[in-house]
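# Understanding the architecture of this molecule
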Amino acid sequence: MMAFARKSPLLAISMVLCVTFVLIALFAPWLAPHDPMVGELLERLMPPAWNVDGNWRHPLGTDILGRDILSRLMYGAQVSLAVCALAILIAGFIGSSLGIIAGYVGGVVDSIIMRIVDLAISLPIILLALLFGVLFGPSLGNIVIIISLVLWSQFARMARGETLKVKQNDYIDLARAAGCSALRIMVTHVVPNVAGSLIVLATLQVGTVIIMEASLSFLGVGVPPPWPAWGSMIAEGRSYVVSAWWLCIFPGLAVLLTVLSVNVLGDGLTDALNPATREGRRR
Amino acid sequence: MSTATPLLEARAVSRHFSVTIAQGWKRNQRSVQAVDAVDIALHPGETLGLVGESGCGKTTLSRLLLGLEAPTGGAVYFRGRDLATASRDELREFRRSVQPVFQNPYSSLDPRMKVGSIVGEPLRVGGASRQEAAAKVAQALERVGLTASDTTRYPHEFSGGQRQRVAIARALACSPQLIVLDEAVSSQDISIRAQILNLLKDLQAELGLAYLFVAHDLATVRYMSQRVAVMYLGRIVELASSDALYDHPEHPYTRALLSACLPDDPDAPVPTDMLSGELPSPLAPPTGCHFHTRCPIAVDACKAAAPELRVIGSSQLVRCIKVPETSHSNV
Amino acid sequence: MSAPMLQVKNLRVGWRRDDQVLYAVDDVSFDINVGETLGLVGESGCGKSTTGLALMRLTPRANDTQLEGQVLFEGRNVLSMRDQELRSLRGRDISMVLQDPMTSLNPVFNIGDQIAEGIRQHSASNGTDMRGRVIDALRRVRIPDAESRARAYPHQLSGGMKQRVVGAVAIASQPKLLIADEPTTSLDVTIQAQYLNLLKELQRESNMAMLFVTHDFGVVARMCNRVCVMYAGQIVETALVRDLFKRAAHWYTAALIGGIPKLGRNSERLASIQGSPPRPEEMPTGCRFAPRCPNVQARCREQSPPVVKIDHAHEVRCWFPRTA
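Residues numbered from 1 in each chain as written. Chains lettered and ligands numbered in written order. Predicted model: local features only at pLDDT ≥ 70, side-chain atom pairs only at ≥ 80, totals over all residues.

Each partner contributes residues to the interface: chain C has 33 residues there, and chain B has 32 residues. Those elements that place two or more of their residues in the side of chain C that touches chain B are helix H8 (189-206), helix H9 (217-223) and helix H10 (241-246) of chain C. When residues of the side of chain C that touches chain B are assigned to their parent elements, the largest contribution, five residues, is made by H8(C). A class-by-class count of the residues in the side of chain C that touches chain B yields 13 nonpolar, 13 polar and seven charged. (Contact = placed C-beta atoms within 7 Å. Helix = DSSP H or I, 4+ residues; strand = E, 2+ residues; numbered from the N terminus. Nonpolar A, V, L, I, M, F, W, Y, C, P; charged D, E, K, R; others polar.)

Averaged over every residue, the pLDDT of chain B is 89; the share at 70 or more is 96%. For this predicted complex, the interface score ipTM comes out at 0.88, while the overall pTM is 0.86. (pLDDT = per-residue confidence, 0-100.)

Residue and element names in this part refer to chain B. Summarising burial for strand S9 (residues 227-232): six of the six residues are buried, a large majority. Residues of S9 alternate between two faces, with Arg-227, Ala-229 and Met-231 on one and Val-228, Val-230 and Tyr-232 on the opposite face, all of them buried. Here S9 folds back onto strand S10 (residues 235-241), and the loop between the two strands holds two residues, one of which, Leu-233, carries a positive phi near 45°. (Buried ≥ 20, exposed ≤ 12 C-beta atoms within 10 Å, placed from the backbone. Pairing = 2+ DSSP bridges.)

Our focus in this paragraph is the environment of C:Phe73. Residue and element names in this part refer to chain C. Here Phe-73 shows up in strand S4 (residues 65-73). Taking the C-beta count within 10 Å as the criterion, Phe-73 has 21 such neighbours and is therefore assigned buried. When the C-alpha atoms of Phe-73 and Leu-6 are compared, they prove to be 4.6 Å apart, with 67 residues separating the residues in sequence. Contact partners of Phe-73, with chain neighbours within four places excluded, come to Leu-6, Val-78, Leu-89, Asp-93 and Ile-94.

Further remarks concern the sheet that holds S4(C). Residues and elements named next belong to chain C. On the basis of which strands lie adjacent, the open sheet formed by four strands has the order S2-S1-S4-S5 and antiparallel pairing. Edge positions in the sheet fall to strand S2 (20-32) and strand S5 (76-77), since each has one partner strand and no second. As paired strands, strand S1 (residues 6-17) and S2 are joined by 10 bridges and run antiparallel to one another. Within S2, the position partnered with Arg-17 by the bridge is Gln-20.

Core analysis: the largest hydrophobic core is formed by 260 residues, its most contacted members being A:Ile147, B:Ala169, B:Leu178, B:Leu212, B:Phe213 and B:Val230. In terms of residue count, helix H3 (residues 69-105) of chain A provides more of this core than any other element does, 17 residues in total. (Core = buried A, V, L, I, M, F, W, Y, C linked by C-beta atoms within 7 Å.)

With that settled, the discussion passes to the packing of H3(A) against helix H6 (residues 140-167) of chain A. All names here are of chain A. Two elements in contact, H3 and H6, have axes separated by 5 Å at closest approach and are oriented at 35°. For the crossing formed where H3 meets H6, the hand is right-handed. Per-class residue counts for the contact of H3 with H6 are 22 nonpolar, nine polar and three charged. (Axes fitted to C-alpha atoms, helices over the stretch in contact; angles between N-to-C directions. Left-handed = near helix turned anticlockwise from the far one by under 90°.)

Moving on: unusual backbone geometry. All names here are of chain C. Phi is positive for Glu-74, close to 50°, though the residue is something other than glycine. Of note, Glu-74 is situated in the loop between S4 and S5. Even without being glycine, Asp-145 reaches a positive phi, approximately 55°. The topology assignment puts Asp-145 in the loop between helix H5 (127-140) and helix H6 (146-149). The class for Asp-145 is exposed, based on 9 C-beta atoms found within 10 Å.

All names here are of chain C. Spatially, S6-S7-S8-S3-S9-S10-S12-S11 is the arrangement adopted by the eight strands of the open sheet, whose pairing is mixed. In the strand order of this sheet, the two ends are held by strand S6 (94-97) and strand S11 (307-311), each with one partner. In this sheet, adjacent strand axes meet at a mean angle of 20° when their direction is disregarded. The pairing of S11 with strand S12 (residues 314-317) spans four bridges and is classified as antiparallel. When the sheet's bridge partners are listed, Val-307 is paired in S12 with Arg-317.

Structure, rendered in structure tokens:
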């Protein structure tokens, strides 16, 4: 373990950070010092603890309603994690399945699915989000749906590309010669062999999803207040950027660190799974 | 020559592919006749060799015989039944009886599956229970010189030669009658090749298997086969017993092919009649006899019409108008 | 007889893995004389390709690869040459032709330009003069319609043609030694015959020496004067080509040749060697072939055999060489 940390310190640090975020998100109710939704008006706009006016009861300060920023960050992590997990799972499952089918079956089916993918890629997410927000009211569910609608096409494209590569292998022909149906081949042969790249893609999408969620919350069509979401926290602190800088900076840093560590982790996974960059066996 | 129903037979089988050629802005649809009205029959217990250079269609023909591709003309018959109209049970019986082994042992085995599952796949798909399959898998692995404990290992733990043995074990597991070996030893080193060829011969003697041995190395084909077919640009140009073909080749292409082979030893005389020119592209095959552009004995009639396969002597089939029926080389 | 043009003495190519050094090529020595063709034959992993690359110091430059020994070309040691000297050696005095013509040619340049690039490295030439030399090079490798073909792109040529173009690039500057690493493996039988014929003619025209790195004994029989057989990074036998085929002294050579099907009649079974070659990490003590040798004795497992001379130009690395 220590040898691994020494060999690739960046990867080790990002793994630690990712695990920390997940743990914070999962155990926020027990870790957070205060209730994130309720604030004490007497303590509003308190600066972080190391500042002359701050104190350690609110280590990162409070917002305009006196709510503790640290606690809101922790609960915000929960929101981010939930949105990420749900959106990526839904988009990943639907997108990958369609991509694998398009790649394996080919022909007309492939063309149809890929044209739908092209359509999905050209969807204006902001417009859609605003529309959803107006029609159905902002909610966690709506954000997940909107983000999934945009995300699934990435999975479909990659799944299709990887499936085409897998299809060139002789073991696919051997399976056909043995009498396997197309569905059986896709499930037993294609899926296990494309799963690796799709998992890496999912990891790399986490960053994108967090930023999407933060942007939507910032615009007011994301998770509705008073639920803390990092994006809406930044939005609320917009007017106080100079006077109460901690309202924007800390949620911003949270987004930055999470996305960065997830991306580094994703890169590390890509290298680990790519046979060319692994410590190869010499013949 | 057996008059019984052949095990596997192709009658006037053709396969053409549509290819789109881009030339600047234009897109031309062209047709490649990969296999052109081929008749070939395989009998139980014998090895038929299939040789030819790139573009001759031997791989496409073997895929047609395996049912991996449907012919665009003619039909493939298994025990007299047309595969295109066979029932599900008949197709299942066909797949059990005719098994492939391909050239590349690195892409023949699914890297995510254990060897046991790989070897047992045709059995499980064919309806065998887990226990039945496991027993047959163990037996097949032992037959090819591996051990039953290898069922739990993954392909990357094996060398190229061992992987090819796994591929052969998979072909053996459902007790087939015919194995189609498409360049099965071409990518192996000399010593591994010798091991696998010996193994194949032993299996044939022990189990009465028939082989379709597709390869480009003529010496290996002679070693393995009782009959040999030579293909050029989608057509069979000569079909004869192994000894007749190699000792008394009749078709000019067969002769050129044999003389172009590298010698067995350094004292062998260097042939002076080298075949010139390039292999024509399958997209634009020569008219009439495909070989006339490079043939040393071609005449005008060769350009006009494609010759038929005729019987020369006792049982040698040759597709050439210049070879007389009573060739001096046939006793 | 003057000194050999190329003398390889105790060549070793190794790389560092954890705290040990593993050798792909371990103490290889051979000579090549002016105008002769030497074959370097062996199975995959024996180190023959690495040896060929090392002669021009083209082995991978990862920081843990190391070259030891001497490669003396006309008296100068290639392994200790300065970069400038090495660059003028490569492509001019020593040239190389590789197996896969598809990756040897750059797909975005036409073949005329690629040949010109080869010529330009080693001699000044103006426009018209260069064009003439390119056409000349194409004619030397018997490419028909040289003037129009010069403007063709690699994808428009067949495999055999591409390999000839690669040959044209390699001989454009009249090298004294051509290293050919499996140049015909991907070619069809009839095209291979034409290509090997061409190489022989080119050799006759310019008295060029050739090193043929191959696993195909047929190529050796057709093309080579002398042969070195490699196994597990070492040369186990060196002989005149006829002596190798008729009177192989090393048990590996004999088993290998016995395992090749012949175009004439064959016996029922091919000679085969059980087991597989050792990996560099697991080299056995004593003779490297001992675990698989049909004639192994106790001494073979304990001590590495020396190279012994058993006849004129016939050497073998064995304690108990085979007598035919």
